[in-house]
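Residue-level listing of the chains:
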Amino acid sequence: MTGHEKGVPLNNLRRDNRLDPEHRMRLDSAIHMQGRGWITGRDGGRPWTLSRTNRVVACIGALMILVLVSPLLLGLALTIKYTSPGPILFVQKRTGYRGRSFGMYKFRTMVANAEELKESLRHLNKHGADAIDFKIDKDPRITRIGGFLRRSSLDELPNLINVFTGDMRLVGPRPTSFSAYRYKDNHLARLSIYPGMTGLWQISGRSNIDFDQRVELDLNYIAEQSLLLDLKILLKTPFKVFSGHGAS
């Protein structure tokens, strides 16, 4: 998991739908491949991950889950509010479909000044001080309730809002906290579909693998995408989450 970067006020965050021409060409050359129609199997058709059916199913599913877990969401919100100063929700700028930026909702798990402390802890980055990903084992900025929320992945439940609004899907590559400009050319293909709340990464090791390995899993998912694969991933995710395997 991430969540180490600076949160942004929601009213200051606009979708980054317009990229400079050179970068757009770089993106297009990396994700130009055409998929197969998820129903007909026809080359050049609309694949499952970009289908209207996927969008509708994800929206309805997110709304149903939000309603079912609303008492839990309320309880967690009150606990965060009264155990540490700062906002309840953390809105983080993330990179999604075709490199567009959006604000991803999470429960706050760190102290309010976590961003100011980041540089002093960069040498502890488990993937290396210069790595794209920034993750620390036993991060001292995490609050007491935040540690529980991360181990259980309950901090990510507000992602359901992003699924409902269309920035994310239930299953897909995890959106990164760094922009597409920092992606290597062989990473860009993961931006050819919408990001998801869960995916092959979460059921295959989660934060115990580096970004290059995550990209490999994402590309495998893109190549094999289907409704049945999504259902398989969704069924496996709770077992991996509740086991705490790979959480940080």
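The structure this text deals with has already been given above.
An account of the accompanying structure is given in this report. Note that the structure is a prediction, hence the values are computed from the model and not measured.

1. Points about the overall build of the protein chain
Helix and strand content of the protein chain: eight helices and four strands. Its helices and strands taken in sequence order, the protein chain reads α-α-α-β-β-α-α-α-β-β-α-α from the N to the C terminus. Every one of the 248 residues in the protein chain was classed for burial, and the buried ones make up 50%. The long-range share in the protein chain, meaning contacts at least 24 apart out of those at least 6 apart in sequence, stands at 71%. Accessible surface, the protein chain as shown: approximately 12,900 Å² in total, 59% of it carbon and sulfur.

2. Notes on the side chain of Asp155
Position of Asp155 among the secondary structure elements: in the loop between helix H5 (144-152) and helix H6 (159-165). Within the structure, Asp155 has its side chain in polar contact with the side chain of Lys106 (distance 3.5 Å).

3. Observations concerning the packing of aromatic side chains
To describe a pair of aromatic rings, you give the distance between the ring centres and the angle between the ring planes. For the structure shown, the criterion picks out five aromatic pairs. Seen from their ring centres, Tyr97 and Tyr194 are 4.4 Å apart, and the 20° between their planes marks the pair as stacked. Of this pair, Tyr97 sits in the loop between strand S1 (89-95) and strand S2 (101-107) while Tyr194 sits in the loop between strand S3 (169-171) and strand S4 (196-198), placing them 97 residues apart in sequence. Ring geometry for Phe178 against Tyr183: centres 5.6 Å apart, planes inclined by 50°, an arrangement best described as tilted. The burial state of Phe178 is the same as that of Tyr183; both residues are buried.

4. Comments concerning helix H3 (residues 70-83)
With 14 residues, H3 extends 20 Å from end C-alpha to end C-alpha; this agrees with the ideal 20 Å at 1.5 Å per step. All of the buried residues in H3 are Leu73, Leu76, Ala77 and Ile80. Take H3 and look down its axis: the buried residues cluster within an arc of 100°, on one side only. Exposed and facing more than 90 degrees away from the buried side of H3 are Pro71, Leu74, Tyr82 and Thr83. The secondary structure elements touched by the buried residues of H3 are helix H2 (52-68), S2 and H5.

5. With respect to the nonpolar core
Membership of the largest hydrophobic core comes to 32 residues, with the highest contact counts inside it found for Phe107, Leu149, Leu160, Val163, Leu170, Tyr221 and Ile233. With four residues, the single largest contributor to this core is H3. With residues near it in sequence (within four places) discarded, Leu149 still touches Leu76, Ile80, Phe107, Arg108, Thr109, Leu154 and Asp155. If you look at the next biggest cluster of nonpolar residues, it comprises 11 residues, including Leu27, Ile31, Ala180 and Val215.

6. Let's talk about the pattern of salt bridges
Scanning all chains against the criterion turns up four salt bridges. Residues Lys106 and Asp155 are paired through a salt bridge, measuring 3.5 Å at the closest nitrogen-oxygen approach. Taken together, the positions of Lys106 in strand S2 and Asp155 in the loop between H5 and H6 put the pair 49 residues apart, joining distant regions of the chain. A single burial state applies to Lys106 and to Asp155, both of which are buried. Close ionic contact of Glu156 with Arg174 constitutes a salt bridge, the shortest N to O distance being 3.5 Å.

Analysis parameters
Per chain, residues are indexed from 1 in the order of the written sequence. The model is predicted, so local features are restricted to residues of pLDDT at least 70 and side-chain atom pairs to those at 80 or more, both for listing and for counting; the totals for chains, interfaces and linings are taken over all residues. To obtain the side-chain values, all non-hydrogen atoms of the structure were included, while hydrogens and water were left out. Where helices and strands are cited, they refer to DSSP runs of H or I of at least four residues and of E of at least two residues respectively, numbered from the N terminus. Throughout, exposure labels follow a simple rule: accessible area from a 1.4 Å probe, protein chains only, divided by the maximum for the residue type, with under 20% read as buried, over 50% as exposed, and the rest as partly exposed. Any two residues whose heavy atoms approach within 4.5 Å at even a single point are treated as in contact. Each accessible area is a Shrake-Rupley estimate made with a 1.4 Å probe; only the visible protein chains count as cover when residues are assessed. Identification of polar contacts relies on pairs of N or O atoms within 3.5 Å, with a donor-acceptor requirement for protein atoms, meaning one able to donate a hydrogen and the other able to accept it, and with residues adjacent in sequence counted only if both atoms are side-chain atoms. For Phe, Tyr and Trp, where Trp contributes only its six-membered ring, two rings pair if their centres lie within 6.5 Å, and the inter-plane angle classes them as stacked under 30 degrees, edge-to-face over 60, or tilted in between. One less than the number of residues in a helix, times 1.5 Å, gives the span that helix is expected to have. Taken from the helix axis, the directions to the C-beta atoms give the arc we talk about. Residue types Ala, Val, Leu, Ile, Met, Phe, Trp, Tyr and Cys, when buried and joined through side-chain atoms within 4.5 Å, form a set referred to as a nonpolar core. Salt bridge, as applied in this entry: a Lys or Arg side-chain nitrogen positioned within 4 Å of an Asp or Glu carboxyl oxygen.

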